[in-house]
Every structure is written in structure tokens, then in C-alpha cells.
Amino acid sequence: MHDLNKGFGRIEISLKWDPSPAGRPATDLDIVAAPYPATDPYGDPAYVVHFDSRSPDGTITLNRDSTDGLGLGFDEVMTVELDRMHERYARVVVGVVIQQQSPLTFAGVSRPGLRIREGYDVLSESDFSGVPGATAAVVAEFRREGTGPWEADFAIRGFEEDPATFTRVMGAARRS
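What this report covers is the structure whose coordinates are included nearby. (Residues numbered from 1 in each chain as written. Predicted model: local features only at pLDDT ≥ 70, side-chain atom pairs only at ≥ 80, totals over all residues. Heavy atoms only, no water.)

### Here we look at the layout of surface pockets
When its volume is computed, the largest pocket comes out at roughly 170 Å³. Forming the boundary of the largest pocket are Ala-38, Pro-41, Tyr-42, Ala-90, Arg-91, Arg-143, Arg-144, Glu-145, Gly-146, Gly-148, Pro-149 and Glu-151. (1 Å grid on protein atoms, 1.4 Å probe; cavity = no way out; pocket = protein on both sides within 12 Å on 5 of 7 lines; lining within 4 Å. Points joined across faces, edges and corners; volume = space filled by probe spheres on them.)

If you want it as C-alpha cells, here you go:
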């Protein structure tokens, strides 16, 4: 449970969307997360967790993965255990990327939905309508100073990148 003095603990990121219409390629959205070292919090990520992977220490896991949006409720779910994350990490950036079989932006995804929560507390929800022309988006950034509490920013920032490029640039410092 989120406590103002203790920061964030165990976060669940959930993603849903409707399947593509008949005759069109399947729509595949992926949740990705990357921790950044305290020694270089805006440099390269220590590692990236996405489909077919998990963090070496088990603090970031993809619990459910969908390649087509078929299913009831949320199709893809990732857990980030900030309260267990080693102090060598100062930032964790979470994003959503559209796997590209044909050019597709969030405006072309049928009924996308994002929910970020801690326990039963909903921290953020989005339908990606603020980034309709994007092919990927940062949906949350968690950061801390030293061993202090985790703080969060849930602003949705759109990118027009392919999945491989997005995982390299999603944690770069924002330009003013």
C-alpha cells in the first residue's frame, strides 16, 4: 500500500485492448520496464523486461502476455516490486509499445486501456487518447534518491519509435 512516508511498494501495470477486426493483422501491445542505475539514472538501462523475459532478481515480472488482445479483462499484466528493488537502482521507467506488423498507432488500436495500481488503489488510468499518433508511450516513471522512498510520475509521453529503438530511448532525460 502506498504511504506518503514510505513511497511506493508493489505496483501492478495492466493493459487491455480489443482484438483486430477480422481480416486484419493481430494487434499486439507490450508492457516494458527498465531500471536505471543510481550511478547513471538517465543513461542506459541496467536491463529491460518485456515479453519472454523477467528481471534477474525477480522484482519485475510479466504475469500475463497477450499477442492479440483476446481475453477477458486485462490482457497483459506486469508487477514491479519497488519495495524489493536493490538500492543500486534509482529509476524504473515503464512503457507500452505496439509491435509493428503494419504501421499502427494508438489511434488505430481498438479500445486500449491502461491501469496502474498499488493494491486496490488505482494510481493512474489512460486510454492513450492523449498520444493518438504514437507507436509507444512511457506510462510511469518511478525514482528515488539513495535509499529514500520511491516517487512517481504518471504522465503519458508518446514516442514514434519501433520496439527496439523505444527500449533504448524511453528512459532518456526529457527536453525542456
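### Some points on the nonpolar core
Core analysis: the biggest nonpolar cluster contains 35 residues, and Ile-60, Val-92, Val-94, Phe-128 and Phe-142 have the highest contact counts within it. Breaking this core down by element, the ones donating at least two residues are strand S1 (10–16), strand S2 (28–37), strand S3 (60–64), strand S4 (76–81), strand S5 (89–99), strand S6 (113–118) and strand S8 (136–143). With residues near it in sequence (within four places) discarded, Phe-128 still touches Leu-15, Val-96, Phe-106, Pro-112, Gly-113, Leu-114, Ala-137 and Val-139. Within the second largest apolar cluster, 10 residues are counted, among which are Val-93, Val-97, Ala-136 and Val-138. (Core = buried A, V, L, I, M, F, W, Y, C linked by side-chain atoms within 4.5 Å. Buried < 20%, exposed > 50% of the residue type's maximum accessible area, 1.4 Å probe, protein only. Helix = DSSP H or I, 4+ residues; strand = E, 2+ residues; numbered from the N terminus. Contact = heavy atoms within 4.5 Å.)

### Notes on the sheet that holds strand S7 (residues 121–126)
Within a beta sheet, neighbouring strands are joined by backbone hydrogen bonds and run either parallel or antiparallel to one another. If you walk across this open sheet you meet the 5 strands as S3-S4-S1-S6-S7, and the pairing is antiparallel. Every other strand in the sheet has two partners, leaving S3 and S7 as the edge strands with one partner each. Between one strand axis and the next, the sheet turns by 20 degrees as a mean value, whatever way the strands run. The pairing of S1 with S4 spans 6 bridges and is antiparallel. By the bridge assignment, Leu-15 is partnered in S4 with Glu-76. (Pairing = 2+ DSSP bridges. Axes fitted to C-alpha atoms, helices over the stretch in contact; angles between N-to-C directions.)

### A short note on the pairing of S5
Working note: regular strand, side chains alternate between the two faces of the sheet. In terms of burial, S5 is largely enclosed, as 10 of its 11 residues are buried. For S2 and S5, the ladder comprises 10 bridges, and the chain directions are antiparallel. Following the sheet pairing, Ala-33 is matched in S5 by Val-94. Alignment of S5 against S8, held across 7 bridges, turns out to be antiparallel. When the sheet's bridge partners are listed, Arg-91 is paired in S8 with Arg-143.

### What to know about the pattern of salt bridges
By the definition in use, this model includes 5 salt bridges. A salt bridge links Arg-117 to Glu-12, with the nearest nitrogen and oxygen atoms 2.9 Å apart. Within this pair, whereas Arg-117 is found in strand S6, its partner Glu-12 is found in strand S1, the two being separated by 105 residues in sequence. Relative accessible area serves as the criterion here: at 21%, Glu-12 is assigned to the partly exposed category. Close ionic contact of Asp-18 with Arg-111 constitutes a salt bridge, the shortest N to O distance being 2.8 Å. A residue pair is termed long-range when its members are at least 10 positions apart, and Asp-18 in the loop between S1 and S2 and Arg-111 in the loop between S5 and S6 qualify at 93 residues. Arg-111 gets classed as exposed once you look at its relative accessible area, which sits at 64%. Taken together, the salt bridges that share partners define one network made up of Glu-12, Arg-115 and Arg-117. (Salt bridge = Lys/Arg side-chain N within 4 Å of Asp/Glu carboxyl O.)

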